[in-house]
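# Structural description and commentary
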Amino acid sequence: MAREITYRDALREALREEMYRDERVFLMGEDIGAYGGSYAVTRGFLQEFGPDRVRDTPIAELGIVGLGIGAAIGGLLPVVELMTVNFALLALDQIVNHLAKIYYMFNGQFTAPVVVRTAEGFGQLGATHSQFFENYFAYVPGLRVVAPAVPKDAKGFLKAAIRGNDPVIFIENSLIYRNRGEVPDGEDFLLPLEGAEVRREGRDVTIVSWLRGYYLALGAAEELAREGIECEVIDLRVLRPLDVETIVRSVQKTNRLVIVEEGWKSFGVGAEIAASVQERALDYLDAPIMRVASVEVSMPYARNLERLVIPNKDKVIEVVREVLYQRLLAPVAR
Amino acid sequence: MARPLVMPQMGYDMKEGTILRWLKHEGDRVERGEPIAEIETDKVNLEIESFASGVILKLLAKEGETVPVGQLIALIGEPGEKVEEEAVPAPAVVGAATAAATVTAPGPRAPEAAPLEEGPTAPGERVRASPLVRRLAAEHGIDLSKIRGSGPGGRIVKEDILPLIAAPRAPLAPEQPAPAAAPPPPSVPPAAPPAAAAPAVTVAPVPGLPEFEVIELSRIRQTIARRMAESFQQAPHFFVTTVAEVDALLALREQINAQVPEEERVSVTDLLIKACALALRDFPTLNASFVPPNQLHIYKRIDINIAVATEHGLIAPYVPDADHKPLAAIARLTKDLIARAREERLRPEEYQGGTFTISNLGMFGLVEHFTAIINPPQAAILAVGSILREPVYREGSEEPVPVRRLRLTLSVDHRVADGAVAARFLQTVRTLLEQPMLLLVR
Amino acid sequence: MTSTVDGQLPGVALPKSELLEMYRLMVLIRRFEEVAAEQYALGKIAGFLHLYIGEEAVAVGTIRAMDPDDHLVTHYRDHGYALALGLDPRRCMAELFGKATGLVGGRGGSMHFADASKHFWGGYAIVAGLLPIAAGLGLASKHLNQRRVAVAIFGDGATNNGAFHEALNFAALWKLPVLFLCENNQYGMGTAVQYASAVREMYRKACAYDIPAERVDGQDVLAVYEATKRALEHCRSGNGPYFLEALTYRYRGHSMADPETYRSKEEGEEWRRHRDPIERFRQQLLAHNVATPEELAALDQAVEEAVAEAVRFADESPEPAPETLTQYVYADPITVR
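Here the residue numbering is sequential within each chain, running from 1 through the sequence in written order. Written order determines the labels here, with chains lettered from A and ligands numbered from 1. Local features in this predicted model are restricted to residues whose pLDDT is 70 or higher, and side-chain atom pairs enter the listing and the counts only when it is 80 or higher, whereas totals over whole chains, interfaces and linings include all residues. Side-chain numbers here rest on the full set of heavy atoms in the structure, without hydrogens or water.

We count a stretch as a helix when DSSP gives it H or I for four or more residues in a row; a strand needs E for two or more, and each element gets its number in order from the N terminus. Tallying secondary structure elements over chain A gives 13 helices and 14 strands in all. Only protein chains enter the area calculation, which uses a 1.4 Å probe; residues under 20% of their type maximum are buried, those over 50% are exposed, and those in between are partly exposed. Counting only residues that meet the buried cut, chain A has 64% of its 334 residues in that class. Only heavy atoms matter for contacts: two residues are in contact if any of them lie within 4.5 Å across the pair. Taking the intrachain contacts of chain A between residues at least 6 apart in sequence as the baseline, contacts between residues at least 24 apart amount to 81%. Counting only carbon and sulfur atoms, one obtains 51% of the accessible surface of chain A, whose full area is about 12,100 Å². Throughout, the Shrake-Rupley method with a 1.4 Å probe supplies accessible areas, and for residues the shown protein chains are the sole cover considered.

Helix and strand counts for chain B come out as nine helices and 18 strands. Within chain B, buried positions represent 48% of all 442 residues. Partitioning the intrachain contacts of chain B with sequence separation of at least 6 by distance along the chain shows that 67% fall at a separation of at least 24. Of the accessible surface of chain B, which amounts to about 22,000 Å², a share of 55% is contributed by carbon and sulfur atoms.

A word on the interface of chain C and chain A. Between chain C and chain A, the contact holds 46 residues from the first and 54 residues from the second. Counting each side, the surface lost to burial between chain C and chain A is near 4,100 Å², with a carbon and sulfur contribution of 64%. Salt bridges are defined as contacts in which a side-chain nitrogen from Lys or Arg sits within 4 Å of a carboxyl oxygen from Asp or Glu. Seen at the junction of chain C and chain A, the total is one salt bridge. When the shortest N-O distance is used, the salt bridge between Arg337(C) and Glu245(A) registers 2.7 Å. Between N or O atoms, a polar contact is any pair within 3.5 Å; within protein, one atom must be a potential hydrogen donor and the other a potential acceptor, and residues adjacent in sequence are included only when both atoms are from side chains. At the boundary of chain C with chain A, the tally comes to 21 residue pairs in polar contact (both at pLDDT 80 or more). Only β2 (120–123), α5 (130–143) and α6 (162–173) of chain C provide two or more residues apiece to the side of chain C that touches chain A. Two parts placed together each lose some accessible area; with a 1.4 Å probe, that loss summed over both constitutes the buried area.

This part takes up the pattern of salt bridges. Residue and element names in this part refer to chain A. Counted under the stated rule, the structure contains 69 salt bridges over all chains. For Arg 212, the salt bridge is made with Glu 262, and the minimal N-O distance between the two is 2.4 Å. Here the residue Arg 212 occupies a position in helix α9 (residues 211–225), and Glu 262 occupies one in strand β13 (residues 257–264), the gap between them amounting to 50 residues. Its relative accessible area of 5% is what places Glu 262 among the buried residues.

The next thing to look at is unusual backbone geometry. With an omega dihedral of 5°, the bond running from Arg240(A) to Pro241(A) counts as a cis peptide bond. Among the secondary structure elements, Pro241(A) is positioned in the loop between β12 (238–240) and α10 (244–254). Cis geometry is adopted by the peptide bond preceding Pro293(B), which originates at Pro292(B) and carries an omega value of 0°. Mapped onto the fold, Pro293(B) is located in the loop between β10 (288–291) and β11 (295–298). Of note, the phi angle at Asn107(A) is positive, near 65°, even though the residue is not glycine. Take Asn107(A): it is sitting in the loop between α6 (102–105) and β5 (115–120). Among the residues examined, Asn107(A) registers a relative accessible area of 24% and is labelled partly exposed. One non-glycine residue with positive phi stands out, namely Ala128(C), at about 75°. As for its position among the elements, Ala128(C) is in the loop between β2 and α5.

Another point: the packing of aromatic side chains. Two measures describe an aromatic ring pair: the distance that separates the ring centres and the angle between the ring planes. Stacked, edge-to-face and tilted are the three classes for Phe, Tyr and Trp ring pairs, Trp counted by its six-membered ring, which pair at centre distances within 6.5 Å; planes under 30 degrees apart are stacked, over 60 edge-to-face, the rest tilted. The tally for this structure, following the rule as stated, stands at 21 aromatic pairs over all chains. Judged by centre distance (5.7 Å) and plane angle (75°), the rings of Phe106(A) and Tyr124(C) are edge-to-face. In this pair, Phe106(A) sits in the loop between α6 and β5 while Tyr124(C) sits in the loop between β2 and α5, so the two residues belong to two different chains. Taken as a pair, Phe106(A) and Tyr124(C) share a single burial class, namely buried. Each ring, one from Tyr214(A) and one from Tyr215(A), has its centre 5.1 Å from the other, and the planes form 65°; the classification is edge-to-face. Note on geometry: a ring has a charge over it if NZ (lysine) or CZ (arginine) is within 6 Å of the ring centre and within 35 degrees of the ring normal. Above the ring of Tyr187(C), the side-chain terminus of Arg263(C) is found at 5.3 Å from the ring centroid.

Moving on, we come to the sheet that holds β13(A). All names here are of chain A. By the convention used here, strands pair only if DSSP detects at least 2 bridges between them. Across the sheet, which stays open at both edges, the five strands sit in the order β9-β11-β10-β13-β14 with mixed pairing between neighbours. The sheet terminates laterally at β9 (197–200) and β14 (290–294), the two strands that pair on one side only. Neighbour-to-neighbour, the strand axes of this sheet turn through a mean angle of 25°, independent of strand direction. When β9 meets strand β11 (residues 231–235), the two strands line up antiparallel, connected through three bridges. The partner of Glu 197 across the bridge, within β11, is Asp 235. Across the face of the sheet, α9 comes into contact with β9, β10 (205–209), β11 and β13 while running at roughly 170° to β11. Where helix α13 (residues 313–323) meets the sheet, its contacts fall on β10, β13 and β14, and the angle it forms with β14 comes to roughly 160°. Fitted lines through C-alpha atoms give the axes, limited to the stretch in contact for helices. The angle between two N-to-C directions lies from 0 to 180 degrees.

This part is about the sheet that holds strand β12 (residues 304–306) of chain B. Residue and element names in this part refer to chain B. One open sheet accounts for six strands, arranged β9-β18-β17-β16-β12-β15; its pairing is mixed. Strands at the two margins of the open sheet, each flanked by one partner only, are β9 (237–245) and β15 (318–319). One ladder, built from 11 bridges, connects strand β17 (residues 380–392) with strand β18 (residues 401–413); its direction is antiparallel. Bridge pairing in β18 links Leu 388 to Arg 405.

A few words now on the packing of helix α5 (residues 268–282) of chain B against helix α8 (residues 419–434) of chain B. All names here are of chain B. Look at α5 against α8: their axes get within 9 Å of each other, and the N-to-C directions meet at 135°. The pairing of α5 with α8 is recorded here as oblique in orientation. Classified by chirality, the crossing of α8 by α5 is right-handed. Where α5 abuts α8, its residues Leu 272, Ala 275, Cys 276, Leu 278, Ala 279, Leu 280 and Asp 282 lie against Phe 425, Thr 428, Val 429, Leu 432 and Leu 433. Here the residues of the contact of α5 with α8 are counted per class, giving 10 nonpolar, one polar and one charged. Between 65 and 115 degrees an angle is taken as roughly perpendicular, under 35 as roughly parallel, over 145 as roughly antiparallel, and anywhere else as oblique. Left-handed is the label given to a crossing in which the near helix is rotated counterclockwise from the far helix by less than a right angle, and right-handed is the label when the rotation is clockwise. Classification convention: Asp, Glu, Lys, Arg as charged; Ala, Val, Leu, Ile, Met, Phe, Trp, Tyr, Cys, Pro as nonpolar; all other residues, Gly among them, as polar.

We define a nonpolar core as any set of buried Ala, Val, Leu, Ile, Met, Phe, Trp, Tyr and Cys residues linked to one another through side-chain atoms lying within 4.5 Å. Counting residues in hydrophobic clusters, the biggest one holds 127 residues, and the most contacted among them are Phe137(A), Ile273(A), Phe180(C) and Phe243(C). Other than its neighbours up to four places away in sequence, Phe243(C) contacts Phe154(C), Phe164(C), Leu168(C), Phe180(C), Cys182(C), Met202(C), Tyr203(C), Ala206(C), Ile211(C), Pro212(C), Ala213(C) and Glu214(C). Formed by 78 residues, the second largest nonpolar core is a distinct cluster that contains Val60(C), Met66(C), Phe113(C) and Val290(C).

Now the structure itself:
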């Protein structure tokens, strides 16, 4: 059995179920308790689980993650929230230097199984509140980095992350919290924290994306289908470890790859995908691997400018045509 | 600093151009805007101009060479300027004028493809090819230097090599009688879906057929072939014929032509243009395009194409805003367009456009009627036969009278309109032709 | 000075065995560090080597006062803590040599000693980075209703860092059982305290968070022991964190490559001559007849041998196998390529 629920509800269900299942699970973050969560993910949790298990913290991201690490070593299962990925920068030292390394540098003696949830997004929020840093985390060995796009993955991943032994950076996008999708019933619905998925089959070009970018790719694919261009759309789902094999298999079929990412292009996740895919699938490429990404500026406030920065469906379509060696045959509606 | 001159994009479809003749030579001075060469494209011959003033330091393409759009063909600078070798990218593809994309399979005595004086890649130059193409070439033993690439900078891409990979196929039997007339050439900027799939593969020799000579199709013919196939496959055509009595029309024409200067003398085609344009005002859905999956784009202007036969194929320039033009203006315009069409001096914007086409085979005197293939992405086309003197029985009379009549066959995209619309449209056109004073009034 | 009663020190309720063990451990640390310095100079130890010489009383006094179940996280000058915990000096030396038999298999080196069985969750190299972790350990203990205290040992330099303040605030806010033990050796790397800290007495910084705090003479092992015991009791009883500052001095430079241009030789001489923790304790023990010179000499000798043995062991141990390079990156399996 399955029901259709929102991404936000999928997260909520995952947290609730795991908190009931294991007393060691507890939450820490800013405004997650009394306020109900800045994105309402934990609404009602304080009342349901009490202040010891739903801890509102001071505004101290470094401390939040550090405490999470200590608590995990000390025998608890913390799920800490860094309100947005912009603020996660403050916690990078604990994440990179401790969370990712404790298991390795102390020779496997103990782990720090912390789940760090953080959200990306934009919407005229200004330069320091509109960034995308999944690449910063995906860069670091020792971390698992997931970025589910659909509610089913959100729930399955979060539960698996909480029950797993590795530190997990769980990246969300506030703009897709309302997206709906089928989620299977059952308390033990867990998904392995790896693997990309082909969600739409096609012959002409492979489009890879994740989080909100996945929906852009789907929209472009639907529009292009009306012209007879069939796009194969892959939801990456997990950034570290990266499932290159699935992408390679697709490129062997389509001979073309377009990567859609919301962050900046240079030194981003797309660069990694492109490099890895060409290592294994060079002889199947009929065109260079192209990336659709944000314009490399700090995010401006004005709505018209912001619109220019973030990739949209039309930009994806343009780039798909490029790899298909077409001129722009019809002016793209703007 | 040397200024580069590249093969310019002259028209949506243009992928490459052939240098027919350099009008300037190395060492000559050229001014910005001055014609520097004559080139041939799919459709027409054109002069191209220099975008910089200065002295021609180097010409990078030879007469007769075909060069992809965007590729360097000349360098212009100050006299005595040194040209660095790296600044001159080796052209990826150097070749003879004819297109080599379509090749038929070798017969029993494996003839060469049309012999080339030099391969598409000059010896010693690096071939640009996508990695996929290289692998396929290696797997199938294909010499990449013989292939012309259609990708950027002459890159050989999948589309270019697939036709060379032999795949046995059943012989093509003619499936339906082809329309009797040469269809109008595709000259409109297509909103139609581009072919992303591989083009036709080679045909294996059929037992029983004799030996054959291989003729490379000219670019124009290739384009026509492709466009007409697309149009006929994708638009479900139906055809409606009517016959109009044109004595009055011809009489009016004589009257007009007796009174006006040479360049304003109207032809039957001019009158047809006006008649169709006026009729289309009442039937806007025939002045439209079907856009999959479920849109109709109804144009706000009526631009009528006329098919013109030239030495190398058909081309169809158009009369813009035809319903608002007086006959004299139409006449003047069509004379000019037809003349330049025959001399292959049309500019792309003169034939890339149009919302409805008229194809007139009447000049042969013997074509009773014919059906034409719609010019994509238009909704309809009118095929005009010869004016024939025929016996007609009038109401109440047992004796026929001789009447000059003209048959018109309208082809319509059934996704856009039904038979009733077509019939009513033709009725309107016929009325205008049979009461030609109306043409002067609206 | 009063005379001893049954080999005990006045006012100190510790048996002789304990006192001798404290002495032995301090000497062990001292000797180990001196030998490590030699080995470094011979090229057998590489990278960073932060020597604990002069500070031995802090490690020994603190750790001997802890319960075996208490948590410990420390900064990177951590050999002394490992030895004070009773970890095998051979494995400590092997770790410094980067051998497979080291405390953490040669993967950590000098700065990252650890032993899960002793709840020693590591030496940490990012200054102040261990402090939020300590707070988290305290959180776990409290949440699980354990009586463990999380002991965090850090230097004066760490007290000016954001992580320090966040950790203290969390601990005070949530009343976590954390002992913040600041080893003030008066230099943060190459910068003296007065040039780094607006407030020079570290214990005074705790008042910003209403954390009870005191300063203790870090060169007096019994004073450290006694203060730590009190502090731990405070934490263990649910009263929240405690801040102890142990004033001490490191005889050697910050690390091996330190030319010590930032302090005077005379200053060091002063501490060595008059405030050496081992020498002081030795005097106390002798003066109160807790031990005879022969007993102490025997202990010295045993330490000498133990450290020599440690070097031998480390020399003879194998390097980590190359196949183990990619072990312990992830605890759970990964199947995608």
